[in-house]
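Coordinates in review
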Amino acid sequence: MTTSSQSLFRRLTPYFSARLRQNYRLLSSAPALSTDLREPQPSSSSSESPSLDAVHLTANCVRRIKELQASETNGKLLRLSIEAGGCSGFQYNFLLDDKTNDDDRIFERDGVKLVVDNISYDFVKGATIDYVEELIRSAFQVSTNPSAVGGCSCKSSFMVK
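As the structure is a computational prediction, the values presented were derived from the model and not from experiment.

**Overview of the packing of aromatic side chains**
Evaluated as defined, the whole model comprises 4 aromatic pairs. Where Phe-94 meets Phe-140, the ring centres are 6.0 Å apart and the plane angle is 35°; that geometry is what we call tilted. Separated by 46 residues along the polypeptide, Phe-94 in strand E3 (residues 90–97) and Phe-140 in strand E7 (residues 138–144) bring together distant segments of the chain. Judged by its relative accessible area of 21%, Phe-94 falls in the partly exposed class.

**Overview of the confidence of the model for the protein chain**
Low-pLDDT portions of the prediction should not be read for the details of their coordinates. Considering every residue of the protein chain, the mean pLDDT works out to 77; 66% of them sit at 70 or more. Predicted confidence in the protein chain is weakest over helix H2 (residues 33–38), with a mean pLDDT of 38, and strongest over strand E1 (residues 56–57), with 94. Contacts of residues 30–49 to residues separated by more than four positions or lying in other chains number 28 contacts, the stretch itself having pLDDT below 50.

**Comments concerning the sheet that holds E1**
Strands sit in the order E1-E6-E7 across an open sheet of 3 strands; the sheet is mixed. The open sheet terminates on both sides in strands that have one partner only, identified here as E1 and E7. Sheet topology places E1 next to strand E6 (residues 128–133); 2 bridges connect them, and they run parallel. Each bridged residue has a counterpart across the sheet, and for Leu-57 the counterpart in E6 is Ile-129.

**Digging into the environment of Phe-158**
Within the element layout of this structure, Phe-158 appears in strand E9 (residues 157–160). Judged by its relative accessible area of 2%, Phe-158 falls in the buried class. Between the alpha carbons of Phe-158 and Ser-88 there is a distance of 4.9 Å; along the sequence they are 70 residues apart.

**Observations regarding the pairing of E7**
By the bridge criterion, 6 bridges tie E6 to E7 in an arrangement that is antiparallel. Within E7, the position partnered with Asp-130 by the bridge is Gln-141. Counting the residues in the hairpin turn of E6 and E7 gives 4 residues.

**A look at the side chain of Asp-97**
Along the chain, Asp-97 turns up in strand E3. By relative accessible area, Asp-97 is classed as buried at 10%. Setting aside residues no more than four positions away along its own chain, Asp-97 makes contact with Gly-75, Lys-76, Leu-77 and Arg-79.

The rules behind these values
Residues numbered from 1 in each chain as written. Predicted model: local features only at pLDDT ≥ 70, side-chain atom pairs only at ≥ 80, totals over all residues. Heavy atoms only, no water. Phe/Tyr/Trp six-rings, centres within 6.5 Å; stacked < 30°, edge-to-face > 60°. Helix = DSSP H or I, 4+ residues; strand = E, 2+ residues; numbered from the N terminus. Buried < 20%, exposed > 50% of the residue type's maximum accessible area, 1.4 Å probe, protein only. pLDDT = per-residue confidence, 0-100. Contact = heavy atoms within 4.5 Å. Pairing = 2+ DSSP bridges.

This is the structure in structure tokens:
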């Protein structure tokens, strides 16, 4: 590691540590989170039991994931996670992943799987995931989220109720 890289790392470490502590405090203050972390939750599936707490996929979302899976050799899963940041406080992060973790919840529609980690799940219960093609971009986005009170116009970040 070069000296400038080490210096940059030393300067940024306190900032990231403070952000991690702040995010932990925000996430641990959520009322439903404390019980979810102590009790192991089985994987949920929207096809097994239609629930208000399930995360739903639109037909456009399912179609696009199937297109992406067809171009890949191994089956990819769409992963949704929540990160602190964005213009409204929290932001959605979509990723194509090939593995699941022990704390993941899996939602399935027509053979397509959406994976949400346990902490992020509390922020997207009952949400609907869509794939939108616009003039300026094409992307997965959360079209409705009952846990959000507001957000930016591009629907990539939100404020929690």
